[in-house]
Amino acid sequence: MISGPHLIGDYTNRFWFPESASSFSDQVDSTFMLVLYICIFFMVPITIALAYFSIRYMKKKGEPAESQTSHNTPLEIAWSVLPSFLLVWIFVKGALGYLDQQGAPDGSDAVAVKAFKWGWTMDYGNGVIHPELHLLNEQPTKLTMRSSDVIHSLFIPAFRVKRDIVPGRYNEMWFKPTVASERVSESELEAAWKDAKENNGGVFDREKYQFTEDGYRFHDLYCTEYCGKDHSMMQTVVVVHETREDLNDWIKKYSGRTDQSPAEYGKLLYERRGCASCHSLDGSKRVGPSFAGGFGSEREYVGGGKGIVDESYIRESILEPKSKIVAGYSPVMPSYKGQLSDDDIESIIAYLKTMSK
Ligand code: HEC
Ligand SMILES: [Cu+2]
């Protein structure tokens, strides 16, 4: 048993299912248990009888084997028909649960989800985009999901929901969260930020603290469709807010630049808009080139040609990533045209400049 506070949605220290935290959980769990109990009910006596009969009726060595062709019609009809009622029961129960999960009710909240290799962006409207999924407790919420590359699948174990995300189409799913996420105390949050700044270069490690950088405990959200090298990194968190005001305050906090400097705001965009999942800041090679010492250095392109990494090159790379491909990389960066404002791009450039040595 792990000591420390009780973690919502954490099941690494649980023997059985994660905490159930949506209106679908009971239905899914009870169907699973029904099937499990039926299996145990039949498997145990059959296995015992099999073992017993094979010993009880064992023939001596050398005795000839007998043929056994007679049969008992009533017995065979009984063991075919009776279990079929169980199958119908499982089907009806499963189908009702499945139908519940189709078609979000009117008045649901909506979040647009984009999956990419290897991360998530959640769009809350009005340009507020963040990798974490934030919801309101007891409020049905519909996710409209698309992929910018390959097939992914969105899975929230605590909600017992999972659905594939297929490139070229929108897939939908909905659920109603039933357990609000706890908030940690101000002092605990401050201590975590202090630790992040002193020991981790200002990067907030929510797995270590088990709460988000805004101080909420969380449920896990995974990709469950193997989608390439860093599939296992494709995780984020779900935070369920107690009240609409609290959710709106959180959304407001991430809408646009307030009093930060361009470079500070650029850092936030860099983390929130998925750049960090493909570009490192420490020189290591990920899907794309690292930005450590990148600004001002020279690049060679696929198909010949060279250039210096300057403001206009970064802008072009963000808007038209396919116009110049850095040698040694594949043209997989998505265009951010129409998704980042001019001020956003200026801020990212200001931030990347601070990376030059
Ligand atoms: C899916 C992975 C991916 C994401 C997400 C991504 N990039 Fe890229 N990026 C690449 C790859 C691969 C290259 C190299 C190939 C090329 O030039 O297009 C690249 C190239 C670049 C370059 C040129 C780099 C150089 O050193 O010459 C810049 C600048 C850049 N990206 C900025 C960004 C910014 C800013 C974001 C976030 C808004 C971002 N990228 C998001 C994959 C990604
Ligand atoms: Cu994936």
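Every chain begins its residue count from 1, and numbering advances along the sequence as written. For this description, chains carry letters from A and ligands carry numbers from 1, given in the order in which they are written. Totals for whole chains, interfaces and linings use all residues, but because this is a predicted model, local features are given only for residues with pLDDT of at least 70 and pairs of side-chain atoms are given and counted only at 80 or more. No hydrogens and no water enter the side-chain calculation; it runs on all heavy atoms of the structure.

(A) Representation of the coordination of the copper ion (ligand 2) within the structure. Every protein donor of the copper ion (ligand 2) is accounted for by His152 (ND1), Cys223 (SG), Cys227 (SG) and Met234 (SD), and the metal-donor separations fall at 2.0 to 2.6 Å. What the four donor atoms of the copper ion (ligand 2) show is an angle range of 90 to 124 degrees at the metal, which sorts the shape as tetrahedral. Positions of the donor residues of the copper ion (ligand 2) along the chain correspond to the pattern H-x70-C-x3-C-x6-M. Of the two residues, His152 is situated in strand β6 (residues 152-156) and Cys223 in strand β9 (residues 219-223); the sequence distance between them amounts to 71 residues. You can call His152 buried: its relative accessible area is 0%. With water excluded from the atoms, a metal site may look incomplete; its donors are any N, O or S atoms within 2.8 Å, or within 3.2 Å for Na, K and Ca. Angle rules define the geometry names used: all angles between 85 and 135 degrees makes four donors tetrahedral, while opposite donors over 155 degrees apart and all other angles between 65 and 115 make four donors square planar and six octahedral, leaving every other case irregular. Helical segments are the DSSP runs of H or I of at least four residues, strand segments are the runs of E of at least two, and each set is numbered from the N terminus. Each residue gets one of three labels from its accessible area relative to the maximum for its type: buried under 20%, exposed over 50%, partly exposed in between, using a 1.4 Å probe on protein chains only.

(B) Spotlight on the site of ligand 1. Nearness here has a simple test: a residue counts as near a molecule or strand if at least one of its heavy atoms is within 4 Å of that partner. Surrounding ligand 1, one finds 26 residues, the nearest of these being Cys275, Cys278, His279, Arg299 and Met333. Arg299 places a side-chain nitrogen or oxygen 2.5 Å from an oxygen atom of ligand 1. We define a polar contact as two N or O atoms separated by no more than 3.5 Å, with the added condition that, inside protein, one atom must be a possible hydrogen donor and the other a possible acceptor, whereas residues neighbouring each other in sequence contribute only through side-chain atom pairs. Pro321 places a main-chain nitrogen or oxygen 3.2 Å from an oxygen atom of ligand 1. A per-element tally of the shell around ligand 1 places helix α8 (residues 311-319) first, with four residues. Gly falls in the polar group here, along with every residue not listed as nonpolar (Ala, Val, Leu, Ile, Met, Phe, Trp, Tyr, Cys, Pro) or charged (Asp, Glu, Lys, Arg). Along the lines of polarity and charge, the residues of the shell around ligand 1 split into 18 nonpolar, five polar and three charged.

(C) Focus on the pattern of salt bridges. Any Lys or Arg side-chain nitrogen found within 4 Å of a carboxyl oxygen on Asp or Glu counts as a salt bridge. Per the counting criterion, the structure on display carries 15 salt bridges. Where Lys194 meets Glu198, a salt bridge forms, and the shortest distance between an N and an O atom there is 3.6 Å. Here Glu198 and Lys194 lie together in helix α3 (residues 186-199), a separation of four residues that amounts to about one turn. Both residues of the pair, Lys194 and Glu198, belong to the exposed class.

(D) How the structure looks around the coordination of the iron atom of ligand 1. Every protein donor of the iron atom of ligand 1 is accounted for by His279 (NE2) and Met333 (SD), and the metal-donor separations fall at 2.0 to 2.1 Å. Its six donor atoms give the iron atom of ligand 1 angles of 87 to 179 degrees at the centre, a pattern that matches the octahedral case. Of this pair, His279 sits in the loop between α7 (275-278) and β11 (298-300) while Met333 sits in the loop between α8 and α9 (342-353), placing them 54 residues apart in sequence. For His279, a relative accessible area of 11% corresponds to the buried category.

(E) Representation of the sheet that holds strand β8 (residues 171-175) within the structure. At least two bridges found by DSSP between two strands are what make those strands a pair. Here we have five strands laid out as an open sheet, ordered β3-β2-β1-β5-β8, and mixed in their pairing. The open sheet has two free edges, formed respectively by β3 (129-130) and β8, since each of these has just one partner strand. Looking at chain direction, strand β5 (residues 141-147) and β8 are connected through five bridges and run antiparallel. The residue of β8 that forms the bridge with Thr141 is Phe175.

(F) Spotlight on the packing of helix α6 (residues 262-272) against α9. Between α6 and α9, the least distance of the axes is 7 Å, while the angle of their chain directions is 100 degrees. Regarding the angle of α6 to α9, the classification is roughly perpendicular. Together, Pro262, Ala263, Tyr265, Gly266, Lys267, Leu269 and Tyr270 of α6 and Asp343, Asp344, Ser347, Ile348, Ala350, Tyr351 and Leu352 of α9 make up the contact between the two elements. Helix axes are fitted only over the stretch in contact, all axes being lines through C-alpha atoms; the angle between N-to-C directions runs from 0 to 180 degrees. In these notes the angle categories are as follows: under 35 degrees is roughly parallel, over 145 is roughly antiparallel, 65 to 115 is roughly perpendicular, and the rest is oblique. The contact definition used throughout considers only heavy atoms, calling two residues in contact when any of these lie within 4.5 Å.

(G) Main features of α3. Here a helix's expected span is defined as the number of its residues, less one, multiplied by 1.5 Å. In this model α3 runs 20 Å from its N-terminal to its C-terminal C-alpha over 14 residues, within 8% of the 20 Å that 1.5 Å per residue would give. Among the residues making up α3, those that are buried are Leu189, Ala192, Asp195 and Ala196. For α3, the angular spread of buried residues about the axis comes to 125 degrees, placing them on one side. In α3, the exposed positions angled more than 90 degrees off the buried face are occupied by Glu186, Ser187, Glu190, Lys194, Lys197 and Glu198. At its buried positions, α3 is contacted by α4 (206-209). Among the residues trailing α3, Gly201 stands out with phi positive, at a value near 60 degrees. Relevant arc is that of directions from the helix axis to the C-beta atoms, nothing else.

(H) Region of the structure containing the domain arrangement of the protein. What marks off one domain from the next here is an automatic or database domain assignment. When its domains are assigned, the protein resolves into domain 1 (25-58 + 73-100), domain 2 (109-182 + 217-253) and domain 3 (262-353). For domain 1 versus domain 2, the distance between C-alpha centres works out to 36 Å. Facing four residues of domain 1, the contacting portion of domain 2 comprises four residues. Summed over both sides, the interface of domain 1 with domain 2 buries roughly 320 Å², with 37% coming from carbon and sulfur. For the domain 1 face of the interface with domain 2, the top three residues by lost area are Ser25, Asp29 and Asp100, together amounting to 73%. Between Asp29 and Arg160 there is a salt bridge whose closest N-O contact spans 2.6 Å. The tally of links from domain 1 across to domain 2 stands at three residue pairs in polar contact (both at pLDDT 80 or more). Buried surface area refers to the total accessible area, computed with a probe of radius 1.4 Å, that the two partners give up upon joining, counted for both partners together.

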